[in-house]
Amino acid sequence: MLGLKLPTDPRWVNIVEKNIEEILTDHAFCEQKATSTAISLIVSFPEYTELVQEMVALVKEEISHFKMVHDIIIKRGWTLGRDRRDDYVIELVKFFPKGGSRTTQLVHRLLYAALIEARSCERFRILSEELTDQELASFYKNLMVSEANHYTMFLGFARQYGDRKVVDEKWQQLLQYEAEIISNLGNTEAIHG
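Residues numbered from 1 in each chain as written. Predicted model: local features only at pLDDT ≥ 70, side-chain atom pairs only at ≥ 80, totals over all residues. Heavy atoms only, no water.

Draft legend 1. Looking closely at the packing of helix H5 (residues 102-130) against helix H6 (residues 134-161). With their axes 7 Å apart at the nearest point, H5 and H6 run at an angle of 160° to one another. For the element pair H5 / H6, the angle class is roughly antiparallel. In this structure, the crossing between H5 and H6 has a hand that is left-handed. A per-class count over the contact of H5 with H6 returns 21 nonpolar, 4 polar and 4 charged. (Axes fitted to C-alpha atoms, helices over the stretch in contact; angles between N-to-C directions. Helix = DSSP H or I, 4+ residues; strand = E, 2+ residues; numbered from the N terminus. Parallel < 35°, antiparallel > 145°, perpendicular 65-115°, else oblique. Left-handed = near helix turned anticlockwise from the far one by under 90°. Nonpolar A, V, L, I, M, F, W, Y, C, P; charged D, E, K, R; others polar.)

Draft legend 2. Expanded view of the environment of Val107. Checked against the element boundaries, Val107 lands in helix H5. Among the residues examined, Val107 registers a relative accessible area of 4% and is labelled buried. With 48 residues separating them along the chain, Val107 and Leu155 place their C-alpha atoms 8.8 Å apart. Residues in contact with Val107, not counting those within four places in the same chain, are Ala158, Tyr161, Gly162 and Val167. (Buried < 20%, exposed > 50% of the residue type's maximum accessible area, 1.4 Å probe, protein only. Contact = heavy atoms within 4.5 Å.)

Draft legend 3. Local environment of the pattern of salt bridges. Tallied over the full model, the rule gives 15 salt bridges. Between Arg85 and Asp87 there is a salt bridge, with the nearest N and O atoms lying 2.4 Å from each other. Look at Arg85 and you get exposed, because its relative accessible area is 64%. The partner of Glu91 in a salt bridge is Lys94, with the nearest N and O atoms 2.8 Å apart. Since its relative accessible area comes to 51%, Lys94 is described here as exposed. (Salt bridge = Lys/Arg side-chain N within 4 Å of Asp/Glu carboxyl O.)

Draft legend 4. Focus on the packing of aromatic side chains. Scanning the model with the defined rule gives 9 aromatic pairs in all. When the centroid spacing of 5.6 Å and the interplanar angle of 5° are considered together, the rings of Phe157 and Tyr161 count as stacked. With Phe157 and Tyr161 both in helix H6 and 4 residues apart, this pair spans about one turn of that helix. Comparing Phe157 with Tyr161 shows no difference in burial state: the two are buried. Of the aromatic side chains, those joined through ring pairs into one cluster are Phe45, Tyr48, Phe157 and Tyr161. The ring centre of Trp12 lies 4.4 Å from the NZ or CZ of Arg123, which sits over that ring. (Phe/Tyr/Trp six-rings, centres within 6.5 Å; stacked < 30°, edge-to-face > 60°. Lys NZ or Arg CZ within 6 Å of the ring centre and 35° of its normal.)

Draft legend 5. Local environment of the layout of surface pockets. Empty space within the largest pocket amounts to approximately 620 Å³. Forming the boundary of the largest pocket are 29 residues, of which Thr37, Val93, Tyr112, Ala113 and Ile116 lie nearest the centre. Elements represented by at least two residues in the lining of the largest pocket include exactly helix H2 (20-44), helix H3 (49-75), H5 and H6. Broken down by element, the lining of the largest pocket gets its largest block of residues, 9 residues, from H5. Partitioning the lining of the largest pocket into residue classes produces 14 nonpolar, 7 polar and 8 charged. In this structure, the second largest pocket encloses a volume near 200 Å³. Forming the boundary of the second largest pocket are 15 residues, of which Arg85, Asp87, Thr188, Ala190 and Gly193 lie nearest the centre. Listing elements by their share of the lining of the second largest pocket, those giving two or more residues are H2 and helix H4 (87-92). Partitioned by chemical class, the residues of the lining of the second largest pocket number 4 nonpolar, 4 polar and 7 charged. (1 Å grid on protein atoms, 1.4 Å probe; cavity = no way out; pocket = protein on both sides within 12 Å on 5 of 7 lines; lining within 4 Å. Points joined across faces, edges and corners; volume = space filled by probe spheres on them.)

Any functional reading would require information beyond the geometric quantities listed.
Right under this line is the structure:
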C-alpha cells in the first residue's frame, strides 16, 4: 500500500528496545516537525484554500500526537531530551532541485511530506507488531492509521495540484532514491534512522 521500495529490517526493533527513552524523544520531535511542516505549507501557499483547511486540521492532530508522546515520556519518569539531527530527512530533501515555479515547489514539498509519512507509518507498524512493551505496541498501532491517512492526503494533493503523470513519475523516482537512503540507516533508535 505504501509503495516503499525497501522495507525496514525488523531487527531495527531490537535497537529501539534497548533505548525506549531515545525513540520516544525522537518521535516527539518528529511530531513537532510534522506540525511545523503543516504550518509552513499554510504560510507558503495560502492561496490553496483546500490545502490550508487540511493543514489546519493536521496541525491540531500532529500537536496532539506530540502531547501523547510527551505524556508517555513523563509517565515513565523521563524528560524530553533535545532535538536530534534527522539524517533521513536531510538526505531526502536533496532529491529535487531548488527553484522552479510555485506549483513545482509545492508539489515537491507535498511529495517529501508524503514519503516521510509513509516511512513513519511503516516504522509504526513494525513497532506495533514487534515491541515487547505492549503499551507502546498498542500506542504505535493507533498512530499507524493516522500516518497512513497523512501519506495519502499529501500524495493526493500533489496529484491534484501538479500534472498527474509528471507527479507519478517524480513519486516513483523519489521512492527509489529513498530506498537508497534507508539502506544506509536502521541502526539507531530513531523513527527514520
